[in-house]
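# Structural overview
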Amino acid sequence: GIQVEQSPPDLILQEGANSTLRCNFSDSVNNLQWFHQNPWGQLINLFYIPSGTKQNGRLSATTVATERYSLLYISSSQTTDSGVYFCAVGLDTGRRALTFGSGTRLQVQP
Amino acid sequence: NAGVTQTPKFQVLKTGQSMTLQCAQDMNHNSMYWYRQDPGMGLRLIYYSASEGTTDKGEVPNGYNVSRLNKREFSLRLESAAPSQTSVYFCASRRGQGAIEKLFFGSGTQLSVL
């Protein structure tokens, strides 16, 4: 199956700093999503981004499908950005299920 | 706007007991999924249902069964719980057709098997 690697595994930032999270995947995909799991365990869908670039407020994401990676940018980080960020990829045929990476744990300190 | 609703939120079982985790979505989605999340790890697929009337195994199906009761509901059953099944279980759904296939999650069930 598809392998998904996320880096870095852990990240500590001061409030106001910027960061870049990376997701590499081993095979062609046509579905890629970024999720934020908050400290209470809730999983929130941030982006559906199989290719190209999208922005939503302080967050943006870029996927280069031909090179099999995606980046999530967080600008002017806030303490509420803390949690775990997951990348999930898949093909929208057959099982139509996503394979998750093991996540990047982000801690934003005041 | 309930989205995906899971019950219960917490459960403690003894080894060998059985239980069913319930999941319902009100977004008229075709596809539904059960994932488990173990400490420090990503989510692993247990079972999925691409559409009403169909179910199939994911990466870690052993020890579980599922039922797609109707288009809204997808339940996960542990017939004889084992300590290795201690985990957080998430139900998810998505439309299952069309151009934008965002996945939506329930709030999770924290299960401990003693």
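Summarised in this report is the structure supplied together with it. All values reported here derive from a predicted model rather than from experimental measurement. (Residues numbered from 1 in each chain as written. Chains lettered and ligands numbered in written order. Predicted model: local features only at pLDDT ≥ 70, side-chain atom pairs only at ≥ 80, totals over all residues. Heavy atoms only, no water.)

### Some words on the side chain of Gln6(B)
All names here are of chain B. The topology assignment puts glutamine 6 in strand E1 (residues 4-7). A relative accessible area of 3% means that glutamine 6 is categorised as buried. In terms of polar contacts, glutamine 6 uses its side chain to reach the backbone carbonyl oxygen of tyrosine 89, at 3.0 Å. (Helix = DSSP H or I, 4+ residues; strand = E, 2+ residues; numbered from the N terminus. Buried < 20%, exposed > 50% of the residue type's maximum accessible area, 1.4 Å probe, protein only. Polar contact = N/O pair within 3.5 Å; in protein donor to acceptor, adjacent residues only side chain to side chain.)

### Concerning the pattern of salt bridges
Residue and element names in this part refer to chain B. Within this structure, the stated rule accounts for four salt bridges over all chains. The partner of arginine 44 in a salt bridge is aspartate 38, and the shortest N-O contact between them spans 2.6 Å. Using a relative accessible area of 10% as the deciding quantity, one classes aspartate 38 as buried. With its nearest N and O atoms 3.1 Å apart, the salt bridge here joins arginine 77 to glutamate 79. You can call arginine 77 partly exposed: its relative accessible area is 30%. A single network of salt bridges, built from pairs that share partners, joins Arg36, Asp38 and Arg44. (Salt bridge = Lys/Arg side-chain N within 4 Å of Asp/Glu carboxyl O.)

### Some words on the interface of chain A and chain B
In this assembly, 18 residues from chain A lie in contact with 23 residues from chain B. Where chain A abuts chain B, roughly 1,800 Å² becomes buried across the two surfaces, and 51% of that area is made up of carbon and sulfur atoms. Between the two partners, chain A and chain B, sit zero salt bridges. Connecting chain A to chain B are four residue pairs in polar contact (both at pLDDT 80 or more). Where the side of chain A that touches chain B is concerned, the elements lending two or more residues are strand E4 (31-37) and strand E5 (43-48) of chain A. Considering every element that reaches the side of chain A that touches chain B, the biggest residue donor is E4(A), with four residues. A per-class count over the side of chain A that touches chain B returns seven nonpolar, eight polar and three charged. (Contact = heavy atoms within 4.5 Å. Buried area = accessible area lost by both parts, 1.4 Å probe. Nonpolar A, V, L, I, M, F, W, Y, C, P; charged D, E, K, R; others polar.)

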